[in-house]
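Single-letter residue listing:
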Amino acid sequence: MNQNKVNELSERILNETNSAMTCLNLYIGYKLDLFKILAEAGGISSAEFIAKTNLSKRYMQEWLECMTVQGYIEFDSATGDFTLPLEHQAVLCDRAN
């Protein structure tokens, strides 16, 4: 058995699963207006964000973390705020495009 092929397939499955989960989180953010909440806030703590969404604390915290790790939103460790960059707002919040 070729161990390199095993490793390559394992890595491919992991990457594709990660991409699928990111796609799902993008859809959730779009459908529930989570990106819009971030855009309107300018900068917002996770507690404030969760209060505005009125959704599950656990799931919203995980959503924020996932979107941050994937580079869709930004986190400022000095202030504890999450932000949606203007360039990302143009793509993620403009329903006309």
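On a predicted model such as this, the values are computed, not experimentally measured, just so you know.

Engineer: Lay out the side chain of N25 in plain terms, naming residues and giving numbers.
Structural biologist: Along the chain, N25 falls in helix 1 (residues 3–31). Classification of N25 by relative accessible area gives buried; the value is 13%. Excluding residues within four positions of it along the chain, N25 makes contact with W63, C66 and M67.

Engineer: Outline the packing of aromatic side chains, supporting the account with residue identities and numerical values.
Structural biologist: Here the structure, examined in full by the defined rule, presents three aromatic pairs. Plain terms: the ring middles of F75 and F82 are 4.8 Å apart, the flat faces sit at 45° to each other, and that makes the pair tilted. Since its relative accessible area comes to 6%, F82 is described here as buried. Taken together through their ring pairs, the aromatic side chains of F35, F49 and W63 make up a single cluster.

Engineer: Quick rundown of helix 4 (residues 57–69)? Include the residues and the values.
Structural biologist: Helix length check: helix 4, at 13 residues, gives a terminal C-alpha distance of 18 Å against a target of 18 Å (1.5 Å per residue), a fit within 8%. Those residues of helix 4 not exposed but buried are M60, W63, L64 and M67. Buried positions in helix 4, seen along its axis, are confined to an arc of 95° and lie on one side of it. When the buried face of helix 4 is taken as reference, the exposed residues oriented beyond 90 degrees from it are R58 and V69. Those residues of helix 4 that are buried lie in contact with helix 1, helix 2 (34–41), helix 3 (46–53) and strand 3 (81–83). Two residues or fewer past helix 4, G71 is found with a positive phi of approximately 85°.

Engineer: Requested: an account of helix 3, with residues and values cited.
Structural biologist: Helical geometry note: an α-helix holds 3.6 residues per turn, so side chains three or four residues apart project in the same direction. Among all positions in helix 3, only F49, I50 and T53 are buried. Seen along its axis, helix 3 keeps its buried residues to an arc of 95°; they face one direction. Exposed residues pointing more than 90 degrees away from the buried face of helix 3 are listed as A47, A51 and K52. Among the residues trailing helix 3, N54 stands out with phi positive, at a value near 60°.

Engineer: Pulling in residues and values, what's your account of the sheet that holds strand 1 (residues 44–45)?
Structural biologist: One key point about sheets: their strands pair by backbone hydrogen bonds, in either a parallel or an antiparallel sense. Spatially, 1-3-2 is the arrangement adopted by the three strands of the open sheet, whose pairing is antiparallel. Bordering the open sheet on either side are strand 1 and strand 2 (74–76), each of which pairs with just one other strand. Strand direction decides the pairing type here: strand 1 and strand 3, joined by two bridges, are antiparallel. Following the sheet pairing, I44 is matched in strand 3 by F82.

Engineer: I'd love a proper account of the nonpolar core, names of residues and values included.
Structural biologist: Generally speaking, a soluble globular protein has its nonpolar side chains buried in company with each other. In this structure, F35, L38, F49, W63, L64 and I73 are the most contacted members of the largest nonpolar core, which totals 15 residues. At the level of elements, helix 2, helix 3 and helix 4 are the ones that each hand at least two residues to this core.

Scoring rules and cut-offs
- Residues numbered from 1 in each chain as written.
- Predicted model: local features only at pLDDT ≥ 70, side-chain atom pairs only at ≥ 80, totals over all residues.
- Heavy atoms only, no water.
- Helix = DSSP H or I, 4+ residues; strand = E, 2+ residues; numbered from the N terminus.
- Buried < 20%, exposed > 50% of the residue type's maximum accessible area, 1.4 Å probe, protein only.
- Contact = heavy atoms within 4.5 Å.
- Phe/Tyr/Trp six-rings, centres within 6.5 Å; stacked < 30°, edge-to-face > 60°.
- Expected span 1.5 Å × (residues − 1).
- Arc of directions from axis to C-beta.
- Pairing = 2+ DSSP bridges.
- Core = buried A, V, L, I, M, F, W, Y, C linked by side-chain atoms within 4.5 Å.

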